[in-house]
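Single-letter residue listing:
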Amino acid sequence: MDLAYTAAEEEFRARLRDWLAGTLPTLPPPPPAGDWPARRAHDSAWQRRLYDAGYGNVHLDASPTLRLIFLEETEKAGAPYVGANFVGLLHAGPTIAAEGTPEQRERWLGPILRGEEIWCQGFSEPDAGSDLASLRTKAVRDGDAYVVTGQKIWTSHAEVADWCELLVRTDPGAPRHRGITWLAMRMDAPGVTVRPLRTLAGSTEFAEVFLDEVRVPAADRVGEENDGWRVTMVTLSFERGTAFAGEVVACRRTLTEVATRARANGCWDDPVLRRRLGRLHAEFTALWRLVQWNVSEAAATGGVPGTGGSVFKLRYSQARQELYDATAEVLGPGALDLSLPWTRERLSSLSYTIAAGTSQIQRNILAERVLGLPKGR
Ligand SMILES: Cc1cc2nc3c(=O)[nH]c(=O)nc-3n(C[C@H](O)[C@H](O)[C@H](O)COP(=O)(O)OP(=O)(O)OC[C@H]3O[C@@H](n4cnc5c(N)ncnc54)[C@H](O)[C@@H]3O)c2cc1C
């Protein structure tokens, strides 16, 4: 493991910093959190700026270390979040890059990198979340297409997505993990119905997606038929690996702001709060080191992060909740004001121990794959 940066990596960092310093003041203000079409336009325009400046491919082509430097510097500079491009750039795109055919890479990666096409993730179903392999949405081969029928749920960004990375059951007779296939489905295909779900924070962040005999060309299958579980593991390892790296930088900034606010309003006199903030500081410093460790591992093993992603996800999601609980203490009664970013972040932080695999599931993964304990089931 090597955590030091090379001269070329430091040069990349300096160039990116200069570009961000010149570009960010020229950007329009972000749209309201609940206005999804405006958010899509905003996030896509930012991705296009990155692409035109030569940074568009950083999530796919660059080494894990350059990707990490990119996430760190953009977050430190206060650049727009990856937003609606999250699925496309951070896990569907990397999966297509790793598992797709040359034609598929040519068809899908360019529009993702230019911010032209938004992707969503159709994995979870009402009865298949943690136990994803029990998914029932079925796909029956009919000539050169699959006919897909079923229901997905918690599909983030479905309202504005053009494509969906979709898991379907193609062989109901095979053992559960062997009858699954990974498809790319157009969200405007006949038979796709999106019903938005409103979250605790008031935003229609995700949706239910109903599929009624949707025809998906067989050419849009990534990997072999019935080999979708293996492809899914590639997708999930990207999702749990470095996808949250920029957020750690943002949490460290928030922590500094919380301490500043506490000093100004007298909360700092409370030694219990000071100890709490000190411990969080140590936690986020350690989490950043863990991100670097994971990236270093990924660089050494061909770019796919391993179980280190689960270690990180487990602790990061908890630490994020503790951080925003601390903001509530410093804000006092003001913490009930939903228009405050810290309040909205506090509500959304509750989802972090569920999304991308719950904490219990991460513990199961670590128990089995790292500690070598016997499987529970
Ligand atoms: C903000 C957010 C965004 C999301 N975005 C997407 C998306 O874009 N696309 C998508 O497909 N999905 C998405 N999800 C869904 C997410 O992947 C699931 O919510 C998650 O996998 C848990 O599944 P579940 O909700 O069905 O809970 P369940 O699997 O029903 O779990 C319920 C409880 O039982 C526990 N549990 C279950 N099995 C075990 C076990 N074997 N051992 C110990 N405990 C267990 C769980 O930890 C949990 O506490 C999103 C979720 C959130 C919160």
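Residues numbered from 1 in each chain as written. Predicted model: local features only at pLDDT ≥ 70, side-chain atom pairs only at ≥ 80, totals over all residues. Heavy atoms only, no water.

Attention shifts here to the UniProt feature "domain: Acyl-CoA dehydrogenase/oxidase N-terminal" (unreviewed entry) in the protein. Within this numbering scheme, the UniProt entry marks residues 50–116 as carrying the feature "domain: Acyl-CoA dehydrogenase/oxidase N-terminal" (unreviewed entry). Note that residues 50–116 is 63% helix and 0% strand, and that its end C-alpha atoms are spaced 13 Å apart. (UniProt positions renumbered as here; feature names shortened; annotations may be inferred. Helix = DSSP H or I, 4+ residues; strand = E, 2+ residues; numbered from the N terminus.)

For the protein, the domain assignment lists domain 1 (7–114), domain 2 (119–225) and domain 3 (230–371). With 17 residues of domain 1 at the interface, the matching set in domain 3 holds 21 residues. Summed over both sides, the interface between domain 1 and domain 3 buries roughly 1700 Å², with carbon and sulfur atoms accounting for 70% of that surface. Scanning the region where domain 1 abuts domain 3 turns up 2 salt bridges. The partner of Arg-230 in a salt bridge is Glu-99, with the nearest N and O atoms 2.9 Å apart. Inspection of the domain 1/domain 3 interface yields 4 residue pairs in polar contact (both at pLDDT 80 or more). At the level of secondary structure, the elements contributing two or more residues to the side of domain 1 that touches domain 3 comprise helix H3 (64–76) and helix H4 (86–99). Per element, the largest residue contribution to the side of domain 1 that touches domain 3 is 8 residues, and it comes from H3. Residue composition of the side of domain 1 that touches domain 3, grouped by class: 8 nonpolar, 4 polar and 5 charged. (Domains from an automatic or database assignment. Contact = heavy atoms within 4.5 Å. Buried area = accessible area lost by both parts, 1.4 Å probe. Salt bridge = Lys/Arg side-chain N within 4 Å of Asp/Glu carboxyl O. Polar contact = N/O pair within 3.5 Å; in protein donor to acceptor, adjacent residues only side chain to side chain. Nonpolar A, V, L, I, M, F, W, Y, C, P; charged D, E, K, R; others polar.)

Moving on, we get to the nonpolar core. Membership of the largest hydrophobic core comes to 44 residues, with the highest contact counts inside it found for Phe-70, Val-248, Phe-284, Val-291 and Tyr-316. Listing elements by their share of this core, those giving two or more residues are helix H1 (7–23), helix H2 (36–52), H3, helix H7 (245–265), helix H8 (271–300) and helix H9 (308–331). It is H9 that provides the largest number of residues to this core, a total of 9 residues. Each of two domains, domain 1 (7–114) and domain 3 (230–371), supplies a minimum of three residues to this core. By size, the runner-up hydrophobic cluster in this structure holds 27 residues, among which are Ala-92, Leu-109, Trp-119 and Ile-180. (Core = buried A, V, L, I, M, F, W, Y, C linked by side-chain atoms within 4.5 Å. Buried < 20%, exposed > 50% of the residue type's maximum accessible area, 1.4 Å probe, protein only.)

With that settled, the discussion passes to unusual backbone geometry. Positive phi values are uncommon outside glycine, yet His-157 reaches one of about 65 degrees. Along the chain, the position of His-157 falls in the loop between strand S3 (145–156) and strand S4 (163–169). Overall, His-157 belongs to the buried group, its relative accessible area being 9%. Positive phi is not limited to glycine here, since Ala-356 has a value of about 55 degrees. Inspection of the secondary structure puts Ala-356 in the loop between helix H10 (341–349) and helix H11 (359–370). You can call Ala-356 buried: its relative accessible area is 17%.

This paragraph deals with the environment of Thr-285. Mapped onto the elements, Thr-285 comes out in helix H8. With a relative accessible area of 28%, Thr-285 lands in the partly exposed category. Along the primary structure Thr-285 and Val-248 are separated by 37 residues, whereas in three dimensions their C-alpha atoms are 8.8 Å apart.

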